[in-house]
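Structure at a glance
Take a look at the letters that make up each chain.
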Amino acid sequence: MDHLPIFLDVKDKKVIVDGGGTLAARRVERALDAGALVHVYAAELGGEFRELQNHPSLTHHTAAPQLPDFAGATVAYGATEDADRDRALYDMANHHHALANVADVTEYCDFITPSIIDRSPLVIAISSGGAAPIIARILRARIEAILPAAYGKLAAFSGRLRERVMAKLKAPESRRLFWENTIDGPVADMFLAGDAKAAKKQFLKELDATALGQDISKVGEVYLVGAGPGDPDLLTFRALHLMQRADVVLYDRLIGDGIINLVRRDAERIFVGKSPNDHTMDQQDISELMVKLAKDGKRVLRLKGGDPFIFGRGGEELETLAAANVPFQVIPGITAASGCASYAGIPLTHRDHAQSCVFVTAHGKDGVLSLDWETMARPGQTVAIYMGRSSLDFLMEEFIRRGVDPNTPAAIVDNGTRPNQQVIKGNLSNLYERAEAASLPGPALVIIGSVVELRDRLNWYKNYAADQHSMSLTARTKL
Ligand code: SAH
């Protein structure tokens, strides 16, 4: 290690920043955040100072800093990119025993500034020892992405309860165990889910039980998580966090490998099937299994394709959990209509085409199709049909029978957002035929409305399968 990692207390201490540009603004901002009295030296302050300028702890000097200015300073930053001025700053800072840091000039640096992830009071600093700042920055972005924004608040919450724990649990070992359980258990879950009150109640309950030497009875929980249409990059941060916390995961056919591999490695995996004709496990069994696992104290991840509340039977599963008093949380996902439309270059609404958009499923509770055709056939709207592949011929004919123009553009998006996405475009009268001619393994979503035409100009998603498909179409057309 080339440097000593420390966090410096600069509260109400003098910090000098020489420069008025972007770099200087960043230094000033961070020093002010840490409570320093900041003196900035620059003939003029750049636009980035607009928000900082009136800060009560900031003093602006238009002249360059002089030796006496450094008396009593803790830290001095050089950010002028002027070699002579940088050197002078370094010498003057040293003279007064202030720690100097001149941007990008290693020999004028007593310390380096790390990349930070700020979840105050929790702060993570990363340094590559100046060797590869870009790596530190990339790493920082990754940690930013995986660390819930509320972690800082969780740290503050724990901080406020520290004294109570100290008073109740005398042995450092039992305190360590207690903290480990709470920070990685239901208390943290409740807190991060936004229920600070319940978290505190549970915390105190667990503290009392631990002080009395009782085992804390573990409360399980179910995370009903939307995994999006397939591209793992479309997961939400929260989905990823909970995927990393789960003890057991229940998933079905719509969840691709790319996503299931992001679940915590040692979590148990239970495939609950559900393809249109092969129900590996029926709905009630799935819900009951979740209740049982949660009552055993497990953190159960119920991973659903798309959004759990859009044709995902999420509501039905939750009703069983609620009836059994199992705590749960629901994380939305990108629903197939939204994902497929974006990746196919078909805006679902557009002021020149559609002012509304309806999502319908072609599958009823007992497989019976009972659609509100009057609503579906309305002009000026886009219709997105889930589970419509197997009844595509019927659907297209029915639109026409209800008086919709047979030339109305329509498309089917198969495996939307995935590397093997295929989009077949046509109209109400020929889409079925075209879909039959292609090989579409499913899942597939049908989009009907004049917005489909926009794909010709807005298609942006290129993938191997799409290229192959259009090549084979071209070949066929030529024949
Ligand atoms: N809850 C899911 C929908 C489940 S119903 C969601 O919000 O997306 C299953 C149907 O969703 C499939 O029959 C298909 O119509 C559609 N679907 C799901 N993923 C899809 C994908 N990647 N591409 C195309 N359609 C998809």
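Residues numbered from 1 in each chain as written. Predicted model: local features only at pLDDT ≥ 70, side-chain atom pairs only at ≥ 80, totals over all residues. Heavy atoms only, no water.

**Concerning the sheet that holds strand β11 (residues 299-304)**
Defined as follows: The criterion for strand pairing is that DSSP finds at least two bridges linking the strands in question. Strands here are runs of E lasting at least two residues and helices are runs of H or I lasting at least four, both read from the DSSP assignment and numbered beginning at the N terminus. Interaxial angle, 0 to 180 degrees, is taken between N-to-C directions of lines fitted to C-alpha atoms, where a helix line uses only the stretch in contact.
The sheet built from 5 strands is open, its strands ordered β10-β9-β11-β8-β12 with parallel pairing. Of all strands in the sheet, those with a lone pairing partner are β10 (268-271) and β12 (328-331), marking the two edges. Going across the sheet, the axis of each strand differs from the next one's by a mean of 20 degrees, ignoring polarity. In this sheet, β12 lies alongside strand β8 (residues 221-226) in parallel orientation, the contact comprising 4 bridges. If you follow Val225 over to β12, its bridge partner there is Ile331.

**A word on the environment of His61**
Quick reminder of the rule: Whether two residues are in contact is decided by their heavy atoms, any of which lying within 4.5 Å being enough. Here a polar contact is taken to be a pair of N or O atoms separated by no more than 3.5 Å, where protein atoms must pair a possible hydrogen donor with a possible acceptor and residues adjacent in sequence count only if both atoms sit in side chains.
Along the chain, His61 falls in strand β3 (residues 58-61). On a C-alpha basis, the gap between His61 and Leu321 in space is 64 Å, while along the polypeptide they are 260 residues apart. Beyond its immediate chain neighbours, meaning those up to four positions away, His61 contacts His39, Val40, Tyr41 and Ala42. A polar atom in the side chain of His61 sits 2.9 Å from the side chain of His39.

**Describing the site of the ligand**
Our working definition: Here a residue is considered near a molecule or strand provided that any single heavy atom belonging to it is located within 4 Å of it. Shrake-Rupley sampling with a 1.4 Å probe provides the accessible areas, and residues are treated as covered by the protein chains on show and by no other component. Segment limits for the domains were obtained from an automatic or database-derived domain assignment.
In the vicinity of the ligand there are 20 residues, among which Asp307, Ile310, Thr335, Met387 and Ala444 approach most closely. Thr335 places a polar side-chain atom, nitrogen or oxygen, 2.6 Å from an oxygen atom of the ligand. For the ligand, the protein covers 93% of the area, taking 550 Å² as the surface of the free molecule. Where the shell around the ligand is concerned, the elements lending two or more residues are α12 (336-344) and β17 (444-448). Built from parts of two domains, the shell around the ligand gets at least three residues from each of domain 3 (221-334) and domain 4 (337-462).

**Things to note about the packing of helix α4 (residues 151-168) against helix α5 (residues 172-183)**
A pair of packed helices is characterised by two quantities: the angle between their axes and the separation of those axes. Operational definition: What makes a crossing left-handed is the near helix being turned counterclockwise from the far one by less than a right angle; a clockwise turn instead makes it right-handed.
Between α4 and α5, whose axes approach to 12 Å, the crossing angle comes to 145 degrees. For the crossing formed where α4 meets α5, the hand is right-handed. Along its contact with α4, which presents Ser158, Arg162, Val165 and Met166, the element α5 presents Arg175, Phe178, Trp179 and Ile183.

**Examining the side chain of Asp18**
Where we set the bar: For each residue, the accessible area found with a 1.4 Å probe, counting protein chains only, is set against the maximum for its type, and the residue is called buried under 20%, exposed over 50%, and partly exposed in between.
Relative to the assigned elements, Asp18 resides in strand β1 (residues 14-18). We classify Asp18 as buried; its relative accessible area is 1%. Within the local environment of Asp18, its side chain forms a polar contact with the side chain of Arg85, the two groups lying 2.6 Å apart. Not counting the four nearest positions on each side in its chain, Asp18 is found in contact with Tyr41, Pro65, Tyr77, Gly78, Ala79, Thr80, Arg85 and Leu89.

**A word on the domain arrangement of the protein**
Here the protein is partitioned into domain 1 (14-113), domain 2 (151-211), domain 3 (221-334) and domain 4 (337-462). Here domain 2 and domain 4 have C-alpha centroids that lie 51 Å from each other.

**Observations regarding unusual backbone geometry**
The omega torsion of the bond from Ser120 to Pro121 falls at 5 degrees, within 30 degrees of zero and hence cis. Cis geometry is adopted by the peptide bond preceding Pro443, which originates at Gly442 and carries an omega value of 5 degrees. On the secondary structure map, Pro443 appears in the loop between α15 (431-437) and β17. Despite not being glycine, Phe311 has its phi angle at roughly 45 degrees, a positive value. Within the secondary structure, Phe311 is located in the loop between β11 and α11 (314-323). According to the relative accessible area criterion, Phe311 is partly exposed, its value standing at 35%. With a phi angle near 60 degrees, Asn325 is a residue other than glycine that sits in the positive phi range. Here Asn325 shows up in the loop between α11 and β12. Asn325 gets classed as exposed once you look at its relative accessible area, which sits at 69%.

**Comments concerning the sheet that holds strand β15 (residues 409-414)**
One open sheet accounts for 5 strands, arranged β13-β14-β17-β15-β16; its pairing is mixed. Since the sheet does not close on itself, it has two edges, and those belong to β13 (356-361) and β16 (422-427), each with one partner. Put simply, the sheet's adjacent strands are angled 20 degrees from each other on average, direction ignored. Taken together, the 6 bridges between β13 and strand β14 (residues 381-386) define a ladder with parallel strand orientation.

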